[in-house]
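This is what each chain is made of:
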Amino acid sequence: MAERTRNFPWHTTNAGDPGTWPNSLKNTVSMILNAQFPMFLWWGEDLIQFYNDAYRLILGKEGKHPLALGQNGKDCWPEIWPTIHPLIQNVFETGEGTHLENQLIPIFRNGKLDDVYWTFSYSAVRNDDGSIGGLLVICKETTQTVLQIQKLTEADKRFKNLVRESTVGMIMLLGENFLVDVVNEFYAKLINRTAEELMHKEIFTIVPELEKEFRPILLNVMKNDAPVYLYSHPYEVVQDKKNIEGFLDIVYKPYRDIEGNIVGVMALCHDVTAQVMSRLKIEESEHRIRSMVAGAPFPMGVYTGREMKIEITNQAILDAWGKGKEVIGKTYAEVLPELADQHIYEQLDYVYTTGIPFHAKNQRVELVVNNKLQPYYFNYSFTPLYDLTGKIYGVMNTAADVTDLNTAKIKLEESEQNLRNMILQAPVAICIFRGPEYVIEIANHKMTAFWGKSPHDVMNKGLFEVVPEVRNQGYEELMDNVLNNGIPFSANELKVSLQRGDFMEDLYINLSYQPIREPDNSISGIIAMALDVSEQVVARKKLEDANNKTHLVIEISKVGVYDVNLNDDGFITDERMKQIFGFEKEMTRDDYRSRIHPDDRTSALEKQEKGIESGNIVSEFRLLMNDGQVKWINNNGKVLYKVDGEPDRILGVVQEITEQKTFAQKLEQLVSDRTAALQKLNEALLKVNQELSRSNVNLEEFAYAASHDLKEPIRKIHFFSDRIKSTLWDKMSAEEISFFNRMEIAAKRMSSLIDDLLSFSQISLRPKILDELNLNELMNIVLSDLDLEIEEKKAEIHVDRLFTIKGYQRQLQQAFQNLIANSLKYTRSGVVPVIKITCSKILGKEIGQMISPEEQHLQFNAIKIKDNGIGFDQKDADKIFNVFIRLHGNTEFRGTGVGLSIVRKVIENHNGYITAESKPGEGAVFNIYLPAH
């Protein structure tokens, strides 16, 4: 045999002297011990066990080793013997081997019965004479592999359930026939079908009218492994000879199996028919505006861009200017250069820049009409125009020629009416307030919608009657200043809180208040314009927050950042990157390549090229600095692609890891040294463990002997005490009777103490199997055992409906009996004992104990036992659970001081916690927390 076989302590097993073994056994054992993979041998009729270190690791830290070595197989594996014995027997009877994969065979290890999956083979080992002498097991634990497969299968189920429950239309199509594998009701509704109608059918047999357009798209997604995005895409399906039309935002992506192979296409569809129709309506509305402007009887024009390009005019404004339609497409300054010194250009720019309308009354304007510069008087307005994103794209110009006084009056009335119409149709929120109560004279739909009101609920009412929540937000003071002093007010991104149902919502607006002046220059009201910019403000703040966090992470992590343009070899770096590579000037890609250590350069650049193909670059390599210093860096990059799939850019980070590399090298050496030391320590610990095993057996024998030998004298004391009492009681003096009674009391206390000590010593032995316990039934048994004490004390006991848990019945029964007996013992004189037992569910973090982090979020069954007895000082709350600790003397309350120690041991055996709360004279509360299995 090998040296290792000869030196193994076989005398500690049932294997006998190796010198007497047959050669086949010696050779097999030698092979097992020198193998690097788990091997196991059963030998002889008793199936004596041999195994190597690789198999021993499978048994766990608190498993069957070392007792299993040399043990009878049936005694060692009771939990799996019914499973494996027929296999063993078949090999011995037939000589034919067995091979099984991924079999669930639980074993006892790490202090509990573990579910373990195995791939193993059984084969016969023959004696020197050719007969079968044993059975060789070669095995591999596959628990993690099996569990991973189970997780992947479960993940696939969860994914399909998620698709079915999604509020976005989703469908998974398999193969080039596009068989429906998963579909949700939202998708089915888009084509006026049900999910049941679509499942496991080829999609184009259900909606053949879509095949011509969409089959090529689906095939392209599968072939090129590239998603396709379609926005506002029109579609039409037919059912029951009825056409259903709409618009969709669609995303097509490859659908992969668990191994990552493309097996079909996944489609996500969002119905945007309402949005598209809304946009078409807006375009139609713009067309109507053009028609309205063109047909308006008063001068109107629309100018776009900061250069004020004339987009729309009507004949009235062309007549006022003395121009023709050739002005369309020209800038305002090109058409009316004579206005350069009359501040009108500035007024237009102010409106375009600030979004605040400009209004002028009886304004003198000099225009060139019929080649002659002539004075005219106009009431005119410049009003900002907003696009769908809320951005100002132009200015609307309305005007009234008031040169003639009578004409001015008529034009003024028309202008006021037109203003009302313009307000109602304006693309921004506008309203007019009158008087100090700010009565709402007119408000367009956007303004009433912003307030969250309907138009008929706000007209001719005061603003702060309609939205009283705004009064104390500073807006009343702003409006008072505009009304009283005539000073316009405008601001961007003002915060306002408005009532939305049962809660307040914070919004942000661009706001303008303009005073409304009468002909005598008095101020009669305010015109307000508001633009809701909440989405932009919130988005900007989120972006700012994200940028700040990104910069903070980069700064803290001390990484360098780079950006490579793969089209022109452009290279952009930050300062940290240049510091790591030792450059003060701007770096180029050649600088980057030249700094890589010559021994690492080829490998690093090859990894980069492969990373460009895969999309991710991950590598570690050395840098050689000018002074000869060597640095280690970690490089991580992400490749960005063009629409056609060609690589476009690399965004990446580098981090110096020189210290980590140096530390790792030192750590490897240290681990090697420690491993050698631990090997020696393990050998010593093995001997200590063997001694401890023998000591535990001796202690169990001692506990049994002690309980028997100690209780026997006590039993005889009781027996002879009764004999003496029956024959000599009448002849004893009062003092002798007192001595006799004290002797009997002492004997009973000794008997109780022995029983309690025996219970305390045995309570550490946990049964192998947990019972399913109904605590209400268990509590009925406890109260039945204590019925005499309860009746004697006339106690009231109230028990909630308790839980069903897994535990050790005898231990828990004893624990609850000790606690209730404790409450019945420590009662107040003249007070009827009342004991209340309640229960609840709580999380581990609510217990208030020093529990492990993984228990913080676990659920516990909380059981509270509260009495109205004598109580105790809270400072003794932990002390009362110690053995032999009694807070009261025997003259007051008799006991051994072991009962509560047993209770705590039982709760610990169930991985639970127990605490006590009390004040002298106010009773006690015992809180029990048991894990909710």
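Going by the structure above, here's the rest.
Since the model is a prediction, treat every value here as computed from it, not as a measurement.

(A) Broad picture of the nonpolar core. Counting 41 residues, the largest nonpolar core has Tyr303, Trp321, Tyr332, Leu367, Phe378, Tyr380 and Phe382 as its most contacted members. Residue contributions to this core peak at five residues, all from strand β16 (residues 372-386). Dropping the residues within four chain positions of it, Phe382 is found in contact with Tyr332, Ile344, Gln347, Leu348, Val351, Pro357, Phe358, Val395, Met396 and Asn397. Formed by 37 residues, the second largest nonpolar core is a distinct cluster that contains Met779, Leu786, Ile805 and Ala924.

(B) Structural view of helix α5 (residues 81-94). With 14 residues, α5 ought to run about 20 Å at 1.5 Å a step, and its terminal C-alpha atoms sit 19 Å apart, in line with that. Restricting attention to buried positions, one finds in α5 the residues Trp81, Ile84, Ile88 and Val91. Within α5, the buried residues cover an arc of 100 degrees as seen down the axis, which keeps them to one side. Along α5, the residues that are exposed and aim more than 90 degrees away from the buried face are Pro82 and Glu93.

(C) Highlighting a nonpolar patch on the surface. A surface patch of nonpolar side chains, amounting to about 360 Å² of accessible area, comprises Phe663, Leu667, Leu670 and Val671. By secondary structure assignment, the location of Leu670 is in helix α23 (residues 658-728).

(D) Inspection of a negative patch on the surface at higher detail. A cluster of acidic side chains, namely Asp785, Asp787, Glu789, Glu791 and Glu792, defines a negative patch on the protein surface. The greatest single-element share of the negative patch, amounting to four residues, is contributed by helix α26 (residues 787-793).

(E) Main features of the pairing of strand β20 (residues 489-500). Examined bridge by bridge, β20 and strand β21 (residues 503-517) share 10 bridges and lie antiparallel to one another. Paired with Ala491 across the strands is Leu511, a residue of β21. Hairpin geometry of β20 and β21 is characterised by an intervening segment of two residues between the two adjacent antiparallel strands and by a positive phi of about 70 degrees at Gly501.

(F) How the structure looks around the packing of helix α27 (residues 809-825) against helix α28 (residues 899-909). Put simply, α27 and α28 touch, their axes get as near as 9 Å, and they point 140 degrees apart. Between α27 and α28 lies a crossing whose hand is left-handed. Packed against α27, whose contacting residues are Gln811, Leu812, Gln814, Ala815, Asn818, Leu819 and Asn822, the element α28 presents Gly899, Leu900, Ile902, Val903, Val906 and Asn909 at the interface. Residue composition of the contact of α27 with α28, grouped by class: seven nonpolar, six polar and no charged.

Calculation notes
Residues numbered from 1 in each chain as written. Predicted model: local features only at pLDDT ≥ 70, side-chain atom pairs only at ≥ 80, totals over all residues. Heavy atoms only, no water. Core = buried A, V, L, I, M, F, W, Y, C linked by side-chain atoms within 4.5 Å. Buried < 20%, exposed > 50% of the residue type's maximum accessible area, 1.4 Å probe, protein only. Helix = DSSP H or I, 4+ residues; strand = E, 2+ residues; numbered from the N terminus. Contact = heavy atoms within 4.5 Å. Expected span 1.5 Å × (residues − 1). Arc of directions from axis to C-beta. Patch = residues over 30% accessible without salt bridge, like charges linked within 9 Å, V, L, I, M, F, W, Y side chains within 5 Å. Areas by Shrake-Rupley, 256 points an atom, 1.4 Å probe, with all protein chains shown as cover. Salt bridge = Lys/Arg side-chain N within 4 Å of Asp/Glu carboxyl O. Lys, Arg positive; Asp, Glu negative; His and termini not counted. Charge placed at Lys NZ, Arg CZ, Asp CG, Glu CD. Pairing = 2+ DSSP bridges. Axes fitted to C-alpha atoms, helices over the stretch in contact; angles between N-to-C directions. Left-handed = near helix turned anticlockwise from the far one by under 90°. Nonpolar A, V, L, I, M, F, W, Y, C, P; charged D, E, K, R; others polar.

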